[in-house]
Amino acid sequence: MTELRESTVLITGAASGIGRRMALLAAERGANVVAWDLDGTGLDKLAADAGGVVTTHVVDVTDPDAVRRAAVAAGPVDVLVNNAGVVAGRRLLDLTDRQIERVMAVNALAPFWCTRAVLPGMVERGRGHVVTIASMAATMGVPKLVDYAASKHAAYGFAESLRVELAGVAPEVRTTVVLPFYINTGMFAGASTRIPWLVPILEEAEVAERIIRAVERNEDRVMLPPIGRVAFVGQLLPPSWFDKLASVLGIHVSMEDFHGRALPAEDTAPPEPPESPARPARRAARSRG
Ligand SMILES: NC(=O)c1ccc[n+]([C@@H]2O[C@H](COP(=O)([O-])OP(=O)(O)OC[C@H]3O[C@@H](n4cnc5c(N)ncnc54)[C@H](OP(=O)(O)O)[C@@H]3O)[C@@H](O)[C@H]2O)c1
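As a starting point, this report considers the structure included with it.

Reading guide: rules and limits
- Residues numbered from 1 in each chain as written.
- Predicted model: local features only at pLDDT ≥ 70, side-chain atom pairs only at ≥ 80, totals over all residues.
- Helix = DSSP H or I, 4+ residues; strand = E, 2+ residues; numbered from the N terminus.
- Rg over C-alpha atoms; globule rule 2.2 N^0.38 Å.
- Buried ≥ 20, exposed ≤ 12 C-beta atoms within 10 Å, placed from the backbone.
- Contact = placed C-beta atoms within 7 Å.
- Near = placed C-beta within 6 Å.
- Nonpolar A, V, L, I, M, F, W, Y, C, P; charged D, E, K, R; others polar.
- Core = buried A, V, L, I, M, F, W, Y, C linked by C-beta atoms within 7 Å.
- Pairing = 2+ DSSP bridges.
- Axes fitted to C-alpha atoms, helices over the stretch in contact; angles between N-to-C directions.
- Parallel < 35°, antiparallel > 145°, perpendicular 65-115°, else oblique.
- Left-handed = near helix turned anticlockwise from the far one by under 90°.
- Arc of directions from axis to C-beta.

1. Here we look at the overall build of the protein
Stage number 1. Assigned secondary structure in the protein consists of 10 helices and seven strands.
Stage number 2. The C-alpha radius of gyration of the protein comes to 21 Å, within 12% of the 19 Å expected for a compact globule of 289 residues.
Stage number 3. Across the 289 residues in the protein, those meeting the buried criterion constitute 41%.
Stage number 4. The contacts of the protein with a sequence gap of at least 6 include a subset with a gap of at least 24, amounting to 69%.

2. With respect to the site of the ligand
Stage number 1. In the region of the ligand, 31 residues are neighbours, and Gly13, Gly17, Gly85, Thr185 and Met187 sit closest.
Stage number 2. If one sorts the elements of the shell around the ligand by residue count, helix H1 (residues 17-28) sits on top with three residues.
Stage number 3. A per-class count over the shell around the ligand returns 15 nonpolar, 13 polar and three charged.

3. As for the nonpolar core
Stage number 1. If you look at the biggest cluster of nonpolar residues, it comprises 81 residues, and the most contacted ones within it are Leu10, Met22, Ala23, Ala26, Val33 and Ala35.
Stage number 2. Broken down by element, this core gets its largest block of residues, nine residues, from helix H4 (residues 97-125).

4. Quick look at the sheet that holds strand S3 (residues 54-58)
Stage number 1. Taking strand neighbours across the sheet as the criterion, the seven strands line up as S3-S2-S1-S4-S5-S6-S7 in an open arrangement whose pairing is parallel. With partners counted over all chains shown, the strands left at the sheet margins are S3 and strand S7 (221-224), one partner each. Strand-to-strand twist across the sheet, computed as the mean angle between neighbouring axes with direction ignored, equals 15°.
Stage number 2. Bridge count between strand S4 (residues 79-82) and strand S5 (residues 128-133): four bridges; the pairing is parallel. Paired with Leu80 across the bridge in S5 is Val130.
Stage number 3. In this fold helix H6 (residues 204-216) packs onto S4, S5, strand S6 (173-180) and S7, with an angle of close to 160° to the strand it touches most, S7.

5. A short note on unusual backbone geometry
Stage number 1. Between Leu224 and Pro225 the backbone carries a cis peptide bond, its omega angle lying at -5°.
Stage number 2. Mapped onto the secondary structure, Pro225 falls in the loop between S7 and helix H7 (230-234).
Stage number 3. The backbone of Glu6 shows a phi angle near 65°, a positive value even though the residue is not glycine.
Stage number 4. Relative to the helices and strands, Glu6 resides in the segment before strand S1 (8-12).
Stage number 5. On the basis of neighbour counts, which here come to 10 C-beta atoms within 10 Å, the residue Glu6 falls in the exposed class.

6. Notes on the packing of H1 against H6
Stage number 1. Contact geometry of H1 with H6 gives a least axis separation of 9 Å together with a crossing angle of 55°. The pairing of H1 with H6 is recorded here as oblique in orientation. Judged by the twist between their axes, the crossing of H1 over H6 is right-handed. Contact residues: Gly17, Ile18, Arg21, Met22, Leu25 and Ala26 in H1; Glu204, Ala205, Val207, Ala208, Glu209, Ile211 and Ile212 in H6.
Stage number 2. Each residue belonging to the contact of H1 with H6 can be placed in one class, and the counts come to nine nonpolar, one polar and three charged.

7. Observations concerning the packing of H4 against helix H5 (residues 146-169)
Stage number 1. Two numbers describe how H4 lies on H5: the axes approach to 9 Å, and their chain directions differ by 10°. Relative to H5, H4 is oriented roughly parallel. Facing H4, whose interface residues are Ile100, Val103, Met104, Asn107, Ala108, Pro111 and Phe112, H5 presents Asp147, Tyr148, Ser151, Lys152, Ala154, Ala155 and Phe158.
Stage number 2. Looking at the contact of H4 with H5 residue by residue, the class counts come to 10 nonpolar, two polar and two charged.

8. Comments concerning helix H3 (residues 64-74)
Stage number 1. Taken together, the buried positions of H3 are Val67, Ala70, Ala71 and Ala74. Buried residues in H3, looked at end-on, bunch into an arc of 105°, giving them a common side. Set apart from the buried face of H3 by more than 90 degrees, the exposed residues are Asp65, Val72 and Ala73.
Stage number 2. Looking one or two residues beyond H3, the residue adopting positive phi is Gly75, at roughly 80°.

9. Concerning the environment of Leu166
Stage number 1. As for its placement among the helices and strands, Leu166 is situated in helix H5.
Stage number 2. Sequence spacing of Leu166 and Val59 is 107 residues, and the spatial spacing of their C-alpha atoms is 27 Å.

Take a look at the structure:
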């Protein structure tokens with residue numbers, strides 16, 4: 001069991017969505033919550049709604065120096081929740097370089113910076129828990145999620161390897177990795193499910209409660225909904241069969257109507273079209289008449 005009462009629980013991306021919900025739940029259970037996010041206004045609202053028992057800090061988790069400084073300010077951390085995440089939701093050739101870098105920096109690399117900042121203290125004190133919010137996209141490919149799925153495969157690999165590494169050197173430090181399907185937080189607004197009774201869009205409050213319970217019970221891996229485990233079994237199939245199954249379930253069209261939240265201005269510019277080798281030749285051919 002991981003006891004949350006009087007533990008320090010650090011949650012990244014805590015200004016909205018499941019991060020905010022987990023912060024409120026942990027505070028209700030008597031934890032000292034430290035909430036990090038880029039969104040200072042959202043953090044202020046969280047602190048007010050939690051009745052002053054949440055400490056907030058504007059931190060860009062993609063900046064390793066800023067993360068280290070903020071971790072020192074937070075003091076000893078008992079539970080870290082690597083939750084901050086972003087999605088662009090475009091086909092590979094429609095993404096800007098900046099969007100790809102940002103998705104990888106927040107979803108794949110930030111768990112490294114945050115965990116490395118607090119893990120030495122956990123190992124030294126012989127107590128701790130590292131939670132990583134991956135995604136069901138860590139188990140399969142999805143059109144318009146090439147960058148996101150790649151980043152979540154990385155987050156999943158990070159968490160799985162960390163679990164077995166810690167089992168050898170610091171077994172009292174536990175890990176939990178969470179792989180949810182779409183959640184109604186707004187991050188994936190517009191994404192859909194074809195068979196909602198089997199694979200539903202998840203409720204933000206239920207997901208947050210389930211993750212907090214998983215931490216308390218030291219569960220290693222949480223698939224939401226549990227039927228998502230089929231994806232692991234599906235990997236045993238030849239890829240063309242697995243793709244057919246995912247396609248029948250509507251996974252391959254699930255991002256068709258995605259619109260998400262508004263992106264930062266620098267991310268909305270369409271990418272420069274790649275200079276195809278055929279183009280100069282065609283131009284030359286045209287100019288030759
Ligand atoms: N929603 C889903 O359908 C779904 C499904 C599977 C997995 N997940 C994962 O679950 C986690 C939480 O998702 P959510 O739906 O709750 O999303 P959310 O409501 O968008 O919350 C994510 C938070 O992370 C913050 N953030 C982004 N970049 C950051 C950075 N560089 N430094 C610090 N904070 C940063 C965001 O701030 P800004 O708003 O300022 O960017 C936002 O407050 C993510 O890891 C996500 O990938 C979500």
